[in-house]
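Residue-level listing of the chains:
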Amino acid sequence: MEKKWRTAITQHVGHETYIRGYRLLDLVGNLSFAQAIYLILKGELPNEKESKMMEAMFVSVIDHGIAPPSVISARAVASGGNSLNVGVAAGVLAFGSAHGGALEDAMKFIQEGVASQRSVEDIVREYLEAKRPIPGYGHRYYKDFDPRTKRLMDIAKELGFYGKHCEFAEAVQEEIGRQKGKRLVLNVDGGIAAVTSEMGFDWRLGKGFFIIGRVPGLVAHVYEELTTEKPFSKRLDEETETEYTGVPPRELPSELKRI
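Each value, and the rule that gives it
Residues numbered from 1 in each chain as written. Predicted model: local features only at pLDDT ≥ 70, side-chain atom pairs only at ≥ 80, totals over all residues. Heavy atoms only, no water. 1 Å grid on protein atoms, 1.4 Å probe; cavity = no way out; pocket = protein on both sides within 12 Å on 5 of 7 lines; lining within 4 Å. Points joined across faces, edges and corners; volume = space filled by probe spheres on them. Helix = DSSP H or I, 4+ residues; strand = E, 2+ residues; numbered from the N terminus. Nonpolar A, V, L, I, M, F, W, Y, C, P; charged D, E, K, R; others polar. Phe/Tyr/Trp six-rings, centres within 6.5 Å; stacked < 30°, edge-to-face > 60°. Buried < 20%, exposed > 50% of the residue type's maximum accessible area, 1.4 Å probe, protein only. Core = buried A, V, L, I, M, F, W, Y, C linked by side-chain atoms within 4.5 Å. Contact = heavy atoms within 4.5 Å. Patch = residues over 30% accessible without salt bridge, like charges linked within 9 Å, V, L, I, M, F, W, Y side chains within 5 Å. Areas by Shrake-Rupley, 256 points an atom, 1.4 Å probe, with all protein chains shown as cover. Salt bridge = Lys/Arg side-chain N within 4 Å of Asp/Glu carboxyl O. Axes fitted to C-alpha atoms, helices over the stretch in contact; angles between N-to-C directions. Parallel < 35°, antiparallel > 145°, perpendicular 65-115°, else oblique. Pairing = 2+ DSSP bridges. Expected span 1.5 Å × (residues − 1).

**Student:** Lay out the layout of surface pockets with the relevant residues and their values.
**Tutor:** Here the largest pocket defines a volume of roughly 800 Å³. Forming the boundary of the largest pocket are 33 residues, of which S97, A98, A102, N187 and D189 lie nearest the centre. No other element matches the five residues that helix α6 (residues 102-116) contributes to the lining of the largest pocket. Here the lining of the largest pocket is composed, by residue class, of 16 nonpolar, eight polar and nine charged.

So, in structure tokens, the structure goes:
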């Protein structure tokens, strides 16, 4: 018997599309993009506070300069003569544990940490003794605090989404500083992880939040590359921008030379 693809997300009734049971055309013009995202991910319409929190989180990660791996990848691929969708896809593929992917790991860490009811002191000690990085903490630019995280936490407090997951996340930040003797800030991945956990989202959606928020930035970068730069215009100066670490120039053994 042939198995069918199953979904509780969307269906067609005649020529009408329904999203989580709501007629798509009824959503158009009545829901913001963030509200529609909440609906399609969570299955129900958000209330006003949930809508504002979603908007804030997505805006907080829309872009973070030209230096991140995803932007470099997207623009480099576009400069090779590829179309916008290929460049954006290359940028998305650059999301990994050190850039964007930490959000999923941080959600898992926070949700499991809260559920375990273990002390923050023990959890942090366990990670540090095993020399395991704690996901959602540390940033190459921000040493005292990540201003994006602070802003999101302030909004979470204002809207009523600052609870046990956010408290746990900030307590871990302080405990890392006490045990390590060096502050590792709760970065924006960790901040979003704490708030989305507070809102009841499953940790396996973590990477999705970053992808949704960052793709508009990638689209803008690729479009700019395609419309304002010449193809293959970004070339490294081998003398000043690269360092060769291999063996020096050498001759092929004479017994292998045929010409």
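Okay, back to it.
**Student:** Mind laying out the packing of aromatic side chains, listing which residues take part and the relevant values?
**Tutor:** Counted under the stated rule, the structure contains seven aromatic pairs. Between the aromatic rings of F95 and F210, the centroid separation amounts to 5.0 Å while the plane-to-plane angle is 85°, which identifies the pairing as edge-to-face. One end of the pair, F95, is in the loop between α5 (84-93) and α6; the other, F210, is in helix α11 (residues 206-228), with 115 residues separating them in the sequence. A residue is classified by how much of its surface remains accessible, and F95, at 14% relative accessible area, is buried.

**Student:** Outline the nonpolar core, supporting the account with residue identities and numerical values.
**Tutor:** In this structure, M53, M54, F109, V172 and M199 are the most contacted members of the largest nonpolar core, which totals 49 residues. Top element by residues in this core is α6. It accounts for six residues.

**Student:** Could you give me a rundown of the side chain of N187, with the residues and numbers involved?
**Tutor:** Mapping N187 onto the fold places it in the loop between α9 (164-180) and α10 (188-198). Given the relative accessible area of 7%, N187 is considered buried. If sequence neighbours within four positions are ignored, N187 has contacts with G136, Y137, G138, H139, D146 and T149.

**Student:** Residues and numbers for a nonpolar patch on the surface, please.
**Tutor:** A contiguous nonpolar surface patch, about 330 Å² in accessible area, is contributed by L84, V219, Y223 and L226. Counting residues per element, the nonpolar patch draws most heavily on α11, at three residues. Following the sequence through the fold, V219 ends up in helix α11.

**Student:** How would you explain the packing of helix α2 (residues 33-42) against helix α3 (residues 48-60) if you had to name every residue and give the values?
**Tutor:** Look at α2 against α3: their axes get within 9 Å of each other, and the N-to-C directions meet at 105°. By the criterion of interaxial angle, the relationship of α2 to α3 is roughly perpendicular. Each of A34, Q35, I37 and Y38 in α2 lies in contact with α3, whose residues at this interface are E50, S51, M54, E55 and F58.

**Student:** Which residues make up the sheet that holds strand β1 (residues 10-13), and what values go with them?
**Tutor:** Here three strands make up an open sheet; going across it, the order is β1-β2-β3 and the pairing antiparallel. At either end of the open sheet lies a strand with only one pairing partner, and these are β1 and β3 (22-23). As paired strands, strand β2 (residues 16-19) and β3 are joined by two bridges and run antiparallel to one another. Paired with I19 across the strands is Y22, a residue of β3.

**Student:** Mind laying out unusual backbone geometry, listing which residues take part and the relevant values?
**Tutor:** Working note: non-glycine residues mostly have negative phi, and peptide bonds are mostly trans. You will see that Q117, though not glycine, has its phi angle at about 60°, which is positive. Take Q117: it is sitting in the loop between α6 and α7 (120-129). You can call Q117 exposed: its relative accessible area is 73%. Notably, K131 is not glycine yet its phi reads approximately 55°, a positive angle. Structurally, the position occupied by K131 is in the loop between α7 and α8 (147-159).

**Student:** So what about the pairing of β1? Which residues, and what values?
**Tutor:** For β1 and β2, the ladder comprises four bridges, and the chain directions are antiparallel. Note that in β2 the partner of T10 across the bridge is I19. Counting the residues in the hairpin turn of β1 and β2 gives two residues, including G14, whose phi is positive at 65°.

**Student:** Residue-level account of α9, with values.
**Tutor:** Between its terminal C-alpha atoms α9 stretches 24 Å, which fits the 24 Å expected from 17 residues at 1.5 Å a residue. Within the sequence span of α9, burial applies to H165, C166, F168, A169, V172, Q173, E175 and I176. Among the structural elements, α6, α7, α8 and α10 are those in contact with the buried residues of α9. Note on α9: the residue one or two positions beyond its end, G181, has a positive phi of about 75°.

**Student:** Before we move on, could you go through the pattern of salt bridges and cite the residues and values that matter?
**Tutor:** Where charged atoms from two side chains of opposite charge come close, those side chains can pair. A full pass over the atoms with the stated rule returns 16 salt bridges. A salt bridge links E48 to K52; the nearest nitrogen and oxygen atoms lie 3.5 Å apart. Of this pair, E48 and K52 both sit in helix α3, four residues apart, which is roughly one turn of the helix. The salt bridge partner of R183 is E174, with a shortest N-O separation of 3.3 Å. When its relative accessible area of 36% is taken as the criterion, E174 is described as partly exposed.

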